[in-house]
Amino acid sequence: MASEREGQFNLDGILSELGSFGKYQLLLLFLLAFRDSFLSMCNYNYVFTASEVPFRCRISECESELGHAVNFTTNASCRRPLSALNETACEATFETNNTVECKDVVYEHYNSIVAEFDLGCQPWKRTLIGTVHNLGLVFSFVFSGLISDRYGRKVIIVGTPLMVGAAGVLKSFALDYWILIVLEFLETSLGYGNASMVLSLESVSQKSRVAFSCISDILASLGGASFGLIAWKIPYWRHMMRAIYAPLLIVLFYIFLVDEGVRWLLAHHKNDEAVRVLNKVAKINNITLSNKAKEMLTNITEERSKANQTGQPETETPQIFSVLRSKAIVVRMAITAACFFCCMFVNSGAIINSTSISGSKYLNYSVMMLVDVPTRIITALTLTRFGRKTPICVAYCLCAIFFMTSAFVPKSICWVSVIFYMAGKMCSSYGIFSVHVVAMELFPTTSRNSLTNIANTVGRLGSVLAPQAPLLEQYMSGLTSLVFALAALGTALLALCLPETSRTALPDRVSDAERIDAPSDINSVSNA
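Fair warning: this is a prediction, and the values are worked out from it, not measured in the lab.

*Asks:* Is there a simple way to explain the overall build of the protein in this structure?
*Replies:* A tally of helices and strands in the protein yields 26 helices and four strands. Evaluated residue by residue, the protein yields a buried proportion of 55% over its 528 residues. Counting only contacts in the protein whose residues sit at least 6 apart along the sequence, the fraction spanning at least 24 positions is 80%. When the accessible area of the protein is evaluated, it comes to approximately 23,000 Å², of which 63% is carbon and sulfur surface.

In structure tokens, the structure reads:
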């Protein structure tokens, strides 16, 4: 155990010497921000491409009158008067109870999928787009996690944006609703994942991992917020899709710009490559490593060389099923999955529902994304100082209070409701990021992305339900916010069951992960 801790201490020591915000790390932050900004836009593309469009029934006998007299509305009835034979009947056409189902609908504009594919009287088809999108993410996070742990973080960093970009461009040419649905599922099932956050946490020392991840997420949020501006300036859904999906194809050049994670390389016995990356970081940052650091790099290189010369087999990397034999790992993964379910339902639902609250839907969306910026600054300042569990519980309790309050604010002062809604989204953003950090810190390097993404997959079922949440407003005004509040309280309670990970180094092995939050482990880490 002592040797294991010493090796871990030395690796963190080297990362500390290399610095967390040198030229190398700043370049990595920029590259990840570009990638994640456009992935964020694509992940919520349906918020605008499948947005509601005001419409009304077409009544051929009255079109010359109704074209000017009747306003378009998103709450329009899909039924029309049985007959309208004169001007007087046309004026009272929507006041009669003698109606039949509409055969044709007139839309205010045709910028949305809803209008182009005539979904006005079929609202379930509109919300199904977001549901299928999030259902694809369920498969995506499982596959990307397994591939990332087996073949490296870089494969996912480069591969998934290319898949998303190609599928999205194809989707923009869809001529049929069901073809669009199939492409929507393929896009998300083949792309996305959270390899960026994993690489961010593994690229710096223990003291800097929260701050580095927060800065990476701030840059991605700033980029993602620009989707509101893009959607405003390019309202037609096909052109909008091409504008946000095509830039992802540039990520192909990341093959030459992004290095594999050092922790993953060492965990998979690729010592020579790990040493090469560390020396590259030192050269770019203009850092001269200490003699102790140089000695460690020399030793791990010599160990690998001796193993190759003697024909000694590599220690087999534990497979995912062997890791799941640990009861502690399975229990923690189940709790994490339940946390993800609640917090993803709240976070995704709040963003999707933002276009339905008072004000400009473009501005509302951008503000929803921009609240992540101050949130991440607060996260960086508090998550390390006060641990993990307490901030998560406090954030979600406040989230529940804000959403619940926004639901009961009178419509005459809707701006107050918007402020409380934004505050609730801010707390939700704080909480979901913190839960992701804890999930990354709970599991060993050899299966970190796989286990996190399995838990994330269960959580994505919350995102699958989220697009349906706005439909609750049909039954009671503010009901959507009340449901978000209840889900937020669920996350706060579940977070109490998770171990505290703020004072421990990232575990490399199952045994290291099992010791997290154990009194002996905390004492030894603090003594080190």
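Still more to cover.
*Asks:* Help me out: how do you make sense of the pattern of salt bridges in this one?
*Replies:* Opposite charge on two side chains permits pairing when their charged atoms draw close. Enumeration over the complete set of coordinates arrives at 10 salt bridges. For Asp-36, the salt bridge is made with Arg-35, and the minimal N-O distance between the two is 2.8 Å. Each of the two residues, Asp-36 as well as Arg-35, counts as buried. In this structure, Asp-259 engages Lys-280 in a salt bridge whose closest nitrogen and oxygen atoms are separated by 3.0 Å. With Asp-259 in the loop between α13 (254-257) and α14 (262-267) and Lys-280 in helix α15 (residues 271-284), the pair connects residues that are 21 residues apart, well separated along the chain.

*Asks:* What is the right way to read the nonpolar core from this model?
*Replies:* Within soluble globular proteins, side chains that are nonpolar generally end up buried alongside one another. Within the largest apolar cluster, 83 residues are counted, with the highest numbers of intra-cluster contacts made by Ile-113, Ile-129, Phe-227, Tyr-365, Tyr-396 and Phe-403. Examining the composition of this core, we find that 13 residues originate from one element, helix α18 (residues 327-353), more than from any other. Grouped together as the second largest cluster of nonpolar side chains are 18 residues, Leu-265, Ala-274, Val-277 and Leu-297 included.

*Asks:* I tried to follow the environment of His-268 on my own but got confused; where do I start?
*Replies:* The residue His-268 is located in the loop between α14 and α15 in this model. Look at His-268 and you get buried, because its relative accessible area is 11%. Within the structure, His-268 has its side chain in polar contact with the backbone oxygen of Trp-264 (distance 3.0 Å).

*Asks:* Honestly, the packing of helix α2 (residues 23-43) against α15 in this entry has me stumped. Any pointers?
*Replies:* Two quantities define a packed helix pair, namely the angle between the helix axes and the distance between the axes. Two elements in contact, α2 and α15, have axes separated by 7 Å at closest approach and are oriented at 105°. Relative to α15, the element α2 is oriented roughly perpendicular. Residues Lys-23, Tyr-24 and Gln-25 of α2 touch α15, and the partners they reach there are Val-277, Lys-280, Val-281 and Ile-284. Grouping the constituent residues of the contact of α2 with α15 by class yields four nonpolar, one polar and two charged.

*Asks:* In this structure, what is going on with the confidence of the model for the protein? I would like to understand it.
*Replies:* When pLDDT is low, close inspection of the predicted coordinates is not appropriate. Of all residues in the protein, 82% attain a pLDDT of 70 or more, and the chain-wide mean is 79. In this model residues 519-528 is a low-confidence stretch, pLDDT under 50, and it forms 10 contacts with partners more than four residues away in sequence or in other chains.

*Asks:* What am I meant to see in helix α8 (residues 153-171) here?
*Replies:* Because an α-helix completes one turn every 3.6 residues, residues spaced three or four positions apart along the sequence face the same direction. If you check α8, its first and last C-alpha atoms are 27 Å apart, about what 19 residues at 1.5 Å a residue would give, namely 27 Å. Within the span of α8, buried status applies to Arg-153, Ile-156, Ile-157, Val-158, Thr-160, Pro-161, Val-164, Gly-165, Ala-167, Gly-168 and Lys-171.

*Asks:* Where do I start with a nonpolar patch on the surface in this structure?
*Replies:* Taken together, the side chains of Leu-135, Phe-139, Phe-143, Leu-146, Ile-147, Tyr-151, Val-155, Phe-341, Val-458, Leu-461 and Leu-465 make up a nonpolar region of the molecular surface, amounting to roughly 930 Å² of accessible area. Breaking the nonpolar patch down by element, the ones donating at least two residues are α7 (123-151) and α23 (448-465). At six residues, the largest contribution of residues to the nonpolar patch is made by α7. Tracing the backbone shows Phe-341 in helix α18.

*Asks:* Explain the environment of Ser-481 to me, please; I cannot follow it from the model alone.
*Replies:* Relative to the elements of secondary structure, Ser-481 occurs in helix α24 (residues 479-495). A relative accessible area of 7% places Ser-481 in the buried class. In this structure, the C-alpha to C-alpha distance between Ser-481 and Met-404, residues 77 residues apart in sequence, is 6.2 Å. Setting aside chain neighbours within four positions, we find Ser-481 in contact with Phe-403, Ser-406, Ala-407, Tyr-421 and Glu-473.

*Asks:* Teacher, can you tell me more about the packing of aromatic side chains here?
*Replies:* Remark: the centre distance and the inter-plane angle together describe each pair of aromatic rings, the angle taken between the planes. In this structure the tally under the stated criterion is 16 aromatic pairs. Between Tyr-107 and Tyr-110 the ring centres are 5.6 Å apart and the planes differ by 75°, which places this aromatic pair in the edge-to-face class. By way of ring pairs, the aromatic residues Phe-48, Phe-227, Tyr-362 and Tyr-365 are connected into one cluster. Here the guanidinium or amino end of Lys-125 rests over the ring plane of Tyr-177, the centre of that ring lying 5.3 Å away. Here Arg-242 stacks its cationic end above the ring of Phe-173, 4.1 Å away from the centre of that ring.

*Asks:* Which parts of the structure should I look at to understand unusual backbone geometry?
*Replies:* Leaving glycine aside, a negative phi is the common case for residues, and trans is the common case for peptide bonds. In the Ramachandran plot, Asp-118 falls in the positive-phi region, its phi being about 55° despite a non-glycine side chain. Position of Asp-118 relative to the elements: it lies in the loop between α6 (113-116) and α7. Judged by its relative accessible area of 37%, Asp-118 is partly exposed. Of note in the backbone geometry, Asn-286 takes a positive phi value of approximately 60° without being a glycine. Assignment of secondary structure puts Asn-286 in the loop between α15 and α16 (291-310). Among the residues examined, Asn-286 registers a relative accessible area of 70% and is labelled exposed.

*Asks:* How should the packing of α2 against helix α10 (residues 195-202) be read in this particular structure?
*Replies:* Viewed as axis vectors pointing N to C, α2 and α10 meet at an angle of 165°, and their least axial separation amounts to 11 Å. The angle between α2 and α10 falls in the class roughly antiparallel. When you trace α2 past α10, the crossing you get is left-handed. Residues Leu-28, Leu-32, Arg-35 and Asp-36 of α2 pack against Ser-196, Leu-199 and Ser-200 of α10. Classifying every residue of the contact of α2 with α10 gives three nonpolar, two polar and two charged.

Rules used throughout
Residues numbered from 1 in each chain as written. Predicted model: local features only at pLDDT ≥ 70, side-chain atom pairs only at ≥ 80, totals over all residues. Heavy atoms only, no water. Helix = DSSP H or I, 4+ residues; strand = E, 2+ residues; numbered from the N terminus. Buried < 20%, exposed > 50% of the residue type's maximum accessible area, 1.4 Å probe, protein only. Contact = heavy atoms within 4.5 Å. Areas by Shrake-Rupley, 256 points an atom, 1.4 Å probe, with all protein chains shown as cover. Salt bridge = Lys/Arg side-chain N within 4 Å of Asp/Glu carboxyl O. Core = buried A, V, L, I, M, F, W, Y, C linked by side-chain atoms within 4.5 Å. Polar contact = N/O pair within 3.5 Å; in protein donor to acceptor, adjacent residues only side chain to side chain. Axes fitted to C-alpha atoms, helices over the stretch in contact; angles between N-to-C directions. Parallel < 35°, antiparallel > 145°, perpendicular 65-115°, else oblique. Nonpolar A, V, L, I, M, F, W, Y, C, P; charged D, E, K, R; others polar. pLDDT = per-residue confidence, 0-100. Expected span 1.5 Å × (residues − 1). Patch = residues over 30% accessible without salt bridge, like charges linked within 9 Å, V, L, I, M, F, W, Y side chains within 5 Å. Phe/Tyr/Trp six-rings, centres within 6.5 Å; stacked < 30°, edge-to-face > 60°. Lys NZ or Arg CZ within 6 Å of the ring centre and 35° of its normal. Left-handed = near helix turned anticlockwise from the far one by under 90°.

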